[in-house]
Amino acid sequence: MNIDEIFDYTSFTIDREPHIVLDPQVCVGCDNRGCTNACPARCYTWSEEEKKMTFVHDGCLECGTCYVVCHRNAFTRWRYPRGGFGVAYRMT
Amino acid sequence: MSTAYDAIVVGAGPAGSSAALTMARAGLRVALVERGTFPGEKNMFGGVLHRLPSLEEVFPDFWERAPLERHIVKKGVTFMTGDSSFSTTIEAGNFDRPPYNGYTIFRPRFDRWLAEEAVKSGATLITRATVDELVSRNGRLAGVTILDRKGELSAPVVVAADGVLSFTAKKAGLRQPTFDPGQMAVGVKALIDMPRELIDDRFGLVRDQGFANEFVGCTGGVRGGGFLYTNYDSLSIGLVFHLGSLRTSGKTPYDLLNAFMEQPQVDKMIRGGRLQEYSAHVIPEGGFNMIPELVGDGIIVAGDAAALCNATGVNLEGINLASHSGVLAGRAVVAAHQTGDFSRRGLQVYRELLDDSYVIKDLKLYRKAPHMLHNDRIYNEYPELVCGMMEYIYRIDGAPKENLSKLFLKTAREKVGLKNLAADAFSAWRAL
Ligand SMILES: Cc1cc2nc3c(=O)[nH]c(=O)nc-3n(C[C@H](O)[C@H](O)[C@H](O)COP(=O)(O)OP(=O)(O)OC[C@H]3O[C@@H](n4cnc5c(N)ncnc54)[C@H](O)[C@@H]3O)c2cc1C
Ligand code: SF4
Ligand code: SF4
């Protein structure tokens with residue numbers, strides 16, 4: 001199995017308005033960045049060169065991991081998407 | 001939008017739909033509010049649906065009508081290390097006779113069906129509606145608002161059945177403002193399409209028989225475990241990780257899942273299948289000690305929202321506890337409508353019903369299990385010990401044999417340390 005493909009099998013109705021918003025400044029001083037490896041959908045990317053956190057909400061599985069793992073409360077918003085938007089499981 | 005109900009249920013998962021069904025059958029006007037385009041769209045689990053004693057009471061032909069997959073007749077545990085594994089299975093005749101001891105199901109189908117049953121009983125299902133705020137009037141809970149919709153839904157009482165993160169319980173001040181990663185786990189799962197005959201032949205199944213296997217030692221040293229369940233024509237395979245351990249490991253769930261699926265013995269089980277869907281969800285694994293305030297003024301918390309999940313290691317019980325607590329929440333609301341008292345005191349009967357049920361009794365009984373499962377040796381050294389011993393026992397190569405108990409002690413001393421072995425055996429005994 002090609003792991004890069006695994007993400008393509010899940011369906012989404014993407015909301016332009018993100019349901020998770022984070023303050024990247026908080027991440028700059030973070031000593032652990034558990035979100036980058038614990039997120040099952042690769043939504044968090046930390047660039048060591050630019051010292052910058054990038055978050056994309058598109059492929060978010062709404063699993064809750066980052067909400068639990070972030071110990072610095074970097075979120076200015078963490079809620080579920082508006083009704084009808086976000087991940088749409090068919091079979092699981 | 002401004003409509004009055006007797007009760008509002010937030011979330012149409014097993015807890016919410018069970019609560020709505022119970023209240024609707026008692027004649028209450030119930031709003032069952034779900035953020036998905038249909039109930040179940042947002043929900044994943046392992047998973048095996050266990051028996052549901054309380055729903056079976058309200059709903060005698062439940063098992064004939066529910067959309068189920070295979071019933072589980074064969075249960076297995078596999079200890080894994082690198083390219084070796086040791087498995088045990090139990091296949092019991094009793095598991096192959098009704099009432100069956102559990103079925104595989106798909107959440108998008110099952111949850112949708114259960115919510116529709118609540119609708120048939122008279123509940124109003126409102127989908128594509130993410131509950132946002134709790135509304136209070138004169139110091140009393142009066143309803144909820146929906147994200148991006150005007151107006152509100154009003155009712156004197158709300159059942160928070162919105163799952164593990166329960167923002168509803170948080171807004172009511174009933175749950176802790178943040179979670180301890182040490183009390184939470186995340187599960188990731190791949191659904192793999194496979195022809196039914198292939199599944200039957202590969203796992204030794206006939207008719208509607210199903211197989212459920214758990215794995216230890218397959219999580220790259222992160223605390224957790226794996227599972228493989230058979231559906232009619234697909235396999236559910238996945239891993240569960242404790243979040244405290246995953247966070248510091250630097251490892252990713254999908255790489256570990258990939259490695260698990262490539263392990264030679266697992267690879268043989270899923271070979272010939274086609275990946276269908278990938279999903280993930282957090283599990284409240286803190287057990288009894290994690291349970292929040294269950295009742296507030298005008299509000300009751302049920303299911304995962306109340307951390308009512310029992311993860312003892314071999315079984316993961318969640319849907320059954322969610323559904324049971326939902327039914328009891330429904331009963332408590334019906335009782336409160338008779339007295340007109342929706343205060344914390346008036347709703348307290350929920351707490352009593354729950355304390356009296358297997359939900360709290362089991363969680364209390366296993367209250368030490370979550371602690372035991374935070375022992376790294378379970379996930380590393382013990383699977384190695386088991387596989388190493390078994391390999392030795394079965395290897396016949398002309399080398400003189402050692403006394404088995406001596407060998408066990410020697411291997412245990414090397415891998416685990418005898419003091420640790422004794423301590424672990426003791427804590428396992430105390431916990432279980
Ligand atoms: C990987 C994994 C494996 C598992 N395996 C098993 C198993 O084998 N057997 C078992 O019994 N249990 C298992 N569980 C546990 C089980 O899935 C849960 O305990 C169960 O789903 C809890 O039901 P619930 O109704 O309380 O919550 P949920 O099923 O989470 O339902 C909550 C509902 O509320 C909705 N919602 C949330 N917020 C809002 C809002 N603001 N507005 C409107 N709607 C909202 C959600 O969309 C969802 O439909 C597993 C869980 C996981 C993650
Ligand atoms: S754990 Fe929180 S603060 Fe740290 S990098 Fe991740 S989101 Fe930012
Ligand atoms: S909710 Fe889950 S999938 Fe979404 S960003 Fe957080 S960790 Fe990633």
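Cut-off values and rules
Residues numbered from 1 in each chain as written. Chains lettered and ligands numbered in written order. Predicted model: local features only at pLDDT ≥ 70, side-chain atom pairs only at ≥ 80, totals over all residues. Heavy atoms only, no water. Helix = DSSP H or I, 4+ residues; strand = E, 2+ residues; numbered from the N terminus. Rg over C-alpha atoms; globule rule 2.2 N^0.38 Å. Buried < 20%, exposed > 50% of the residue type's maximum accessible area, 1.4 Å probe, protein only. Contact = heavy atoms within 4.5 Å. Lys, Arg positive; Asp, Glu negative; His and termini not counted. Charge placed at Lys NZ, Arg CZ, Asp CG, Glu CD. Near = heavy atom within 4 Å. Polar contact = N/O pair within 3.5 Å; in protein donor to acceptor, adjacent residues only side chain to side chain. Areas by Shrake-Rupley, 256 points an atom, 1.4 Å probe, with all protein chains shown as cover. Nonpolar A, V, L, I, M, F, W, Y, C, P; charged D, E, K, R; others polar. Domains from an automatic or database assignment. Patch = residues over 30% accessible without salt bridge, like charges linked within 9 Å, V, L, I, M, F, W, Y side chains within 5 Å. Salt bridge = Lys/Arg side-chain N within 4 Å of Asp/Glu carboxyl O. Pairing = 2+ DSSP bridges. Right-handed = clockwise from strand over helix to strand, strands pointing away.

Chemist: Hey, could you run me through the overall build of chain A in this one?
Modeler: Check the secondary structure of chain A and you find 4 helices and 6 strands. Listing every helix and strand of chain A by position from the N terminus yields α-β-β-α-α-β-β-α-β-β. Relative to its length of 92 residues, chain A is compact, with a C-alpha radius of gyration of 14 Å against a globular reference of 12 Å. For chain A, with 92 residues in total, the buried portion stands at 53%. Within chain A, residue pairs in contact and separated by at least 24 positions form 69% of the contacts whose partners lie at least 6 positions apart. A distance of 5 Å separates the average location of the 10 positive side-chain charges in chain A from that of its 12 negative side-chain charges.

Chemist: Can you walk me through the site of ligand 1 in this structure?
Modeler: Taken together, 36 residues form the shell around ligand 1, and within it B:Glu34, B:Val48, B:Arg107, B:Val131 and B:Asp304 come nearest. Surrounding ligand 1 are residues belonging to chains A and B, so the site spans chains. A distance of 2.6 Å separates an oxygen atom of ligand 1 from a polar atom in the side chain of B:Glu34. Contact distances for ligand 1 include 3.0 Å between a nitrogen atom and a backbone N or O atom of B:Leu316. In isolation ligand 1 exposes 1000 Å². Once the protein is present, 97% of that is buried. Of all the secondary structure elements, the ones that give two or more residues to the shell around ligand 1 are helix 1 (14-25), strand 17 (274-284), strand 21 (316-317) and helix 10 (319-339) of chain B. Considering every element that reaches the shell around ligand 1, the biggest residue donor is helix 10 of chain B, with 3 residues. For the shell around ligand 1, the residue count by class is 16 nonpolar, 13 polar and 7 charged. Viewed by domain, the shell around ligand 1 spans two of them, domain 1 (2-69 + 104-175 + 292-356) and domain 2 (181-284) of chain B, each represented by three or more residues.

Chemist: Sorry, what's going on with a nonpolar patch on the surface here?
Modeler: Taken together, the side chains of B:Ile393, B:Tyr394 and B:Leu404 define a hydrophobic patch exposed on the protein surface, amounting to about 320 Å² of accessible area. Structurally, the position occupied by B:Leu404 is in helix 17 (residues 404-415).

Chemist: Would you explain the domain arrangement of chain B in this entry?
Modeler: It is common to report an interface's size as the accessible area lost on association of the parts. The domains assigned to chain B are domain 1 (2-69 + 104-175 + 292-356), domain 2 (181-284) and domain 3 (371-431). Using C-alpha coordinates to define each centre, domain 1 of chain B is positioned 45 Å away from domain 3 of chain B.

Chemist: Teacher, can you tell me more about the pattern of salt bridges here?
Modeler: Two side chains with opposite charge may pair up if their charged atoms get near one another. Scanning the entire structure with this criterion turns up 30 salt bridges over all chains. Close ionic contact of B:Arg395 with B:Glu391 constitutes a salt bridge, the shortest N to O distance being 2.9 Å. Taking relative accessible area as the criterion, B:Arg395 reaches 47% and is therefore assigned partly exposed. By relative accessible area, B:Glu391 is classed as partly exposed at 40%. Among the charged side chains, a salt-bridge network with shared partners connects A:Asp15, A:Glu17, A:Arg77, A:Arg79, A:Arg82 and B:Asp148.

Chemist: What am I meant to see in the pairing of strand 3 (residues 30-33) of chain B here?
Modeler: For a regular strand, side chains alternate in direction, first toward one face of the sheet and then toward the other. All names here are of chain B. Of the two faces of strand 3, both are covered, the one formed by Val30 and Leu32 as well as the one formed by Ala31 and Val33. Pairing geometry for strand 2 (residues 7-10) and strand 3, over 4 bridges, is parallel. Bridging from a neighbouring strand, Val9 pairs with Leu32 of strand 3. Chirality of the crossover, the property in question, places the unit of strand 2, helix 1 and strand 3 among those that are right-handed. In this structure, strand 3 lies alongside strand 8 (residues 124-126), joined through 3 bridges in parallel fashion. Pairing of Leu32 across the sheet is with Leu125, part of strand 8.

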